[in-house]
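Here is how the chains run, residue by residue.
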Amino acid sequence: MWKYIGTKECNEFLLSLHLFNCQNTKKYLKVLYSISNNIEKNYNIYKIKKRNGKYRTIYEPNSLLKHIQSQILINILNNKSISKYAKAYHKGISLKDNALPHINKEMILKLDIVNFFENITFLDIYNSCFSIEYFPKSVGMLLTYLCTYDGHLTQGSPTSAYISNLVMKDFDNILGEWCKENNISYTRYSDDMTFSGNFNPSEIIIKVRKMLYKLGLELNESKIHIVPKSASQVVTGIIVNEKAQVSIKYRKALRQEMYYIKKFGLTSHLQKKNINIDKAKYLNKLYGKIIYVLQINANAQEFIKYKEILENLLTLSDI
C-alpha cells in the first residue's frame, strides 16, 4: 500500500497523527526529525535500587518527547490488540487478573526474562508496531526511533510497556495455546511468566527457553521457581492456594495499624509511632491499602469494616 508513496505524502501522514500541538507545519516536522535524530539527548537517565540490592536503569524522556510518546500510545498503539495471556500494561487489567487463572492448582512454575525491555530491539519494535503494513516506511522508522533509546526499548517511556506486549503477542498466543492443550494455565505479567496445573516443569522450561531464544531473549535461570500446593503460592504478590488473597504479612500490618487507631485514637497513634505526616494524607494512604485488599477479595468483612472506619475519620472536620 505504501510502497510508492512520496515525501510529501509521508509528511502529510505525520501531520495527521497530531503528535504534539504546533500550527507551523515546517516546525512540526523539523522538531520530530530533530528529536528522532538526537534521541539520546532527550532522556534523563538514572538508577533506582531494587529489593535485591541491584539497580534498575530508568530512561525518563523530557516533557516534549514524553507527550509525543503518549500520543503515539493513545492514537496508534492502543488500537492494536495484544494477547489474552498478557496481563500487564493494559486498560482494565489488574494484578488480580494475572493471579486468578492460577488459583487452587497443584503446582505453580514461575519464570523470568533477563533484561526484558533492554533486549527488545529496534527491529522487533518496527516489525511489531510500525511496519510498512501499517505505515509508510519512513514514518514507521521515525515512530520507532521516537519510542527507543540506543536501539532498544526503555523502562520509563509511556509507550514501552504496551510495545512489549505487542512484540510478545505471537509468543504469548503460541505458548498459551500449547498450555491450553496440555491443561496448563499460563499468564505473562511483563517479564514474569506463570504456569499452573499438574505438569512436568522441565518440559515447560525447555520449551520457553527455546521460544525466547528465537526472539533474542533469554530465560533468567536464577529465577526459576517451582511452588507446590503445600507451600505458599504467590503470583504477582497475591496468594492463590485456595482463593485470591493479599499476603498474611500485608494484612497483619494493616490490622495492627487499625487496632492502634481504634485503641489510642488517630492523633495518639501517630505520635506513639513517631509518624510525622499530615493526618489526611496518612488516612488516604491507609485507605488505599484497604481498598487494594478488597479489590483482591471483596468479601473480606474485616476490611470492609476498616474501610467504613476510615471513611468516617476522613469526613471529620479536623482531619
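Above this text is the structure in question.
Draft legend 1. Just the environment of Phe 199, in detail. Note that Phe 199 resides in the loop between β5 (192–197) and α9 (201–214). With a relative accessible area of 12%, Phe 199 lands in the buried category. The sequence separation of Phe 199 and Leu 109 amounts to 90 residues, and the corresponding C-alpha distance is 9.5 Å. Excluding its chain neighbours within four sequence positions, the residues that come into contact with Phe 199 are Met 107, Leu 109, Ile 184 and Ile 204.

Draft legend 2. Quick look at the pattern of salt bridges. For the structure shown, the criterion picks out 4 salt bridges. As a salt-bridge pair, Arg 209 and Glu 221 come within 3.0 Å of each other at their nearest N and O atoms. Separated by 12 residues along the polypeptide, Arg 209 in helix α9 and Glu 221 in the loop between α9 and β6 (225–228) bring together distant segments of the chain. Look at Arg 209 and you get partly exposed, because its relative accessible area is 34%.

Draft legend 3. Up close: the sheet that holds β5. With respect to topology, 4 strands assemble into an open sheet ordered β4-β5-β3-β6, the strand pairing being antiparallel. Lying at the two open borders of the sheet, with one neighbouring strand each, are β4 (185–189) and β6. Across the sheet, the mean angle separating the axes of adjacent strands is 15° when strand polarity is ignored. Relative to β5, β4 is paired through 5 bridges, and the arrangement is antiparallel. Bridging from a neighbouring strand, Ser 185 pairs with Ser 196 of β5.

Draft legend 4. Fine view of the packing of helix α1 (residues 7–16) against helix α2 (residues 25–37). At their nearest, the axes of α1 and α2 sit 11 Å apart, and the two run at 90° to each other. What the angle tells us is that α1 and α2 run roughly perpendicular. Taking contact as the criterion, the partners of Asn 11, Leu 14 and Leu 15 in α1 are, on α2, Thr 25, Tyr 28, Leu 29, Leu 32 and Tyr 33.

Draft legend 5. Region of interest: the sheet that holds strand β7 (residues 234–235). Strand order in the open sheet formed by 3 strands is β7-β8-β9, with antiparallel pairing between adjacent strands. Sheet topology places β7 and β9 (245–246) at the edges, where each strand pairs with a single neighbour.

Draft legend 6. Broad picture of the pairing of strand β2 (residues 55–61). Pairing of strand β1 (residues 43–49) with β2, which is carried by 7 bridges, proceeds in the antiparallel orientation. Its bridge partner lying in β2, Asn 44 is registered against Glu 60.

What counts, and at which threshold
Residues numbered from 1 in each chain as written. Predicted model: local features only at pLDDT ≥ 70, side-chain atom pairs only at ≥ 80, totals over all residues. Heavy atoms only, no water. Helix = DSSP H or I, 4+ residues; strand = E, 2+ residues; numbered from the N terminus. Buried < 20%, exposed > 50% of the residue type's maximum accessible area, 1.4 Å probe, protein only. Contact = heavy atoms within 4.5 Å. Salt bridge = Lys/Arg side-chain N within 4 Å of Asp/Glu carboxyl O. Pairing = 2+ DSSP bridges. Axes fitted to C-alpha atoms, helices over the stretch in contact; angles between N-to-C directions. Parallel < 35°, antiparallel > 145°, perpendicular 65-115°, else oblique.

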